[in-house]
Amino acid sequence: MGPPGAGKGTQSERIAETYGIEHVTTGDALRANKEMDISHLDGEHDTPGAYMDAGDLVPDAVVDEIVERALDSADGFVLDGYPRNPDQAVALEGMTDLDVVLVLEVSRETLINRLTGRRLDPETGESYHVEFDMPDDEAVRDRLVQREDDSREAVENRLDVFERETAPVIDRYRDHEGYVEVDGERPPDEVWAAIDSAVASKVEGS
Ligand code: AMP
């Protein structure tokens with residue numbers, strides 16, 4: 001868990017590879033289904049994409065089902081981007097127990113900088129940054145795109161949504177025996193080293 005831009009995607013991918021488990025990410029699942037018709041839910045918008053582009057949460061009914069299906073077929077998993085509000089946390093409790101609850105901590109200033117500068121290669125899915133990490137290949141540089149919800153306005157909203165909806169979920173897990181906080185301000189490899197040893201000790205200790 002952690003705010004948008006904390007490195008959840010990058011680090012949970014590494015957890016999945018290292019421990020040979022499923023990477024279950026609601027953000028990616030929703031991005032693949034942005035145009036799905038969810039008008040029957042009578043929410044503010046008729047598709048997941050409309051919520052996402054504004055930086056708002058997609059209705060619980062949609063994400064709960066994505067996670068329930070993914071966990072049904074997974075033999076071990078790392079959940080990335082879920083639960084994001086207290087009701088989702090309750091839904092998750094009905095689906096499974098957690099061994100480790102990992103929280104990445106990063107300041108708001110760093111998050112804004114990381115997210116608004118992030119660029120994606122639509123062909124490979126690889127993520128870059130306009131200041132810190134641009135590809136050498138000019139052809140790749142020319143095709144980079146910005147995620148709709150990485151605009152300044154959507155980023156500010158996503159961070160507010162995190163504070164309002166997701167921070168209380170983290171508080172809920174503080175007493176969980178697998179709870180670990182990791183300083184996510186550092187370079188990805190250093191963050192990974194901290195995560196890997198924390199996960200290994202929690203899993204061995206359980
Ligand atoms: P992410 O890639 O994790 O930053 O997620 C991108 C967007 O997908 C979020 O800003 C939300 O609009 C939506 N989303 C992802 N996970 C959830 C979730 N658990 N609940 C509601 N909306 C979500």
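Reference entry: report on the structure contained in this document. This is a predicted model, so every value here is computed, not measured. (Residues numbered from 1 in each chain as written. Predicted model: local features only at pLDDT ≥ 70, side-chain atom pairs only at ≥ 80, totals over all residues. Heavy atoms only, no water.)

Brief notes about the site of the ligand
Piece 1. Close to the ligand lie 16 residues, the nearest being Thr26, Arg31, Asp56, Gly81 and Gln88.
Piece 2. Within the backbone of Val58, a nitrogen or oxygen atom sits 3.0 Å from a nitrogen atom of the ligand.
Piece 3. Here Arg147 contributes a side-chain N or O atom positioned 3.4 Å from an oxygen atom of the ligand.
Piece 4. Burial of the ligand by the surrounding chains reaches 95%, relative to a free accessible area of 480 Å².
Piece 5. Among the elements that make up the shell around the ligand, the one with the highest residue count is helix 2 (residues 26–31) (four residues). (Near = heavy atom within 4 Å. Polar contact = N/O pair within 3.5 Å; in protein donor to acceptor, adjacent residues only side chain to side chain. Areas by Shrake-Rupley, 256 points an atom, 1.4 Å probe, with all protein chains shown as cover. Helix = DSSP H or I, 4+ residues; strand = E, 2+ residues; numbered from the N terminus.)

Description of a negative patch on the surface
Piece 1. A contiguous patch of negative charge, built from Asp136, Asp137, Glu138 and Asp142, is present on the exposed surface.
Piece 2. With respect to the helices and strands, Asp136 occurs in the loop between strand 5 (127–129) and helix 7 (138–143).
Piece 3. According to the relative accessible area criterion, Asp136 is exposed, its value standing at 76%. (Patch = residues over 30% accessible without salt bridge, like charges linked within 9 Å, V, L, I, M, F, W, Y side chains within 5 Å. Salt bridge = Lys/Arg side-chain N within 4 Å of Asp/Glu carboxyl O. Lys, Arg positive; Asp, Glu negative; His and termini not counted. Charge placed at Lys NZ, Arg CZ, Asp CG, Glu CD. Buried < 20%, exposed > 50% of the residue type's maximum accessible area, 1.4 Å probe, protein only.)

A short note on the packing of helix 4 (residues 60–72) against helix 5 (residues 86–93)
Piece 1. For the pair helix 4 and helix 5, the least separation of the axes is 11 Å and the interaxial angle reads 30 degrees. Comparing the axis directions of helix 4 and helix 5 gives the class roughly parallel. Here helix 4 runs over helix 5; the crossing is right-handed. Residues Asp60, Val63, Asp64 and Leu71 of helix 4 lie in contact with helix 5, whose contacting residues are Asp87, Gln88, Ala91 and Leu92.
Piece 2. Residues of the contact of helix 4 with helix 5, tallied by class, amount to four nonpolar, one polar and three charged. (Axes fitted to C-alpha atoms, helices over the stretch in contact; angles between N-to-C directions. Parallel < 35°, antiparallel > 145°, perpendicular 65-115°, else oblique. Left-handed = near helix turned anticlockwise from the far one by under 90°. Contact = heavy atoms within 4.5 Å. Nonpolar A, V, L, I, M, F, W, Y, C, P; charged D, E, K, R; others polar.)

Quick word on the pattern of salt bridges
Piece 1. Within the structure shown, the criterion is met by 18 salt bridges.
Piece 2. Put simply, Arg158 and Asp150 hold a salt bridge, and the shortest N to O gap is 2.9 Å.
Piece 3. The buried category is assigned to Arg158, whose relative accessible area is 10%.
Piece 4. A salt bridge links Asp183 to Arg186, with the nearest nitrogen and oxygen atoms 3.8 Å apart.
Piece 5. In this structure, a network of salt bridges that share partners links the residues Arg118, Arg147, Asp149, Asp150 and Arg158.

Quick notes on the nonpolar core
Piece 1. Judged by nonpolar contacts, the single largest core of 22 residues is most densely connected at Met1 and Tyr173.
Piece 2. For this core, the secondary structure elements donating two or more residues are helix 3 (48–54), helix 4, helix 5, strand 3 (101–105) and helix 8 (152–173).
Piece 3. Excluding residues within four positions of it along the chain, Met1 makes contact with Lys8, Pro83, Val101, Leu102, Val103, Leu104, Thr166, Val169, Ile170 and Tyr173.
Piece 4. Counting 19 residues, the second largest nonpolar core, distinct from the first, contains Ile15, Val106, Leu159 and Val191. (Core = buried A, V, L, I, M, F, W, Y, C linked by side-chain atoms within 4.5 Å.)

Quick look at unusual backbone geometry
Piece 1. For the bond from Tyr82 to Pro83, the omega torsion is 0 degrees, close enough to zero to count as cis.
Piece 2. Despite not being glycine, Asp42 has its phi angle at roughly 55 degrees, a positive value.
Piece 3. Mapped onto the elements, Asp42 comes out in the loop between helix 2 and helix 3.

Description of the environment of His129
Piece 1. Within the secondary structure, His129 is located in strand 5.
Piece 2. Each C-alpha atom, one on His129 and one on Leu115, is 8.6 Å from the other, the two residues being 14 residues apart in sequence.
Piece 3. When sequence neighbours within four positions are dropped, the list of residues in contact with His129 reads Asn113, Arg114, Gly117, Arg118 and Met134.
Piece 4. Side-chain polar atoms of His129 contact the backbone oxygen of Asn113, separated by 3.0 Å.
Piece 5. Of note is the side chain of His129, whose polar atom sits 3.4 Å from the backbone nitrogen of Phe132.

Taken by themselves, the reported measurements are silent on function.
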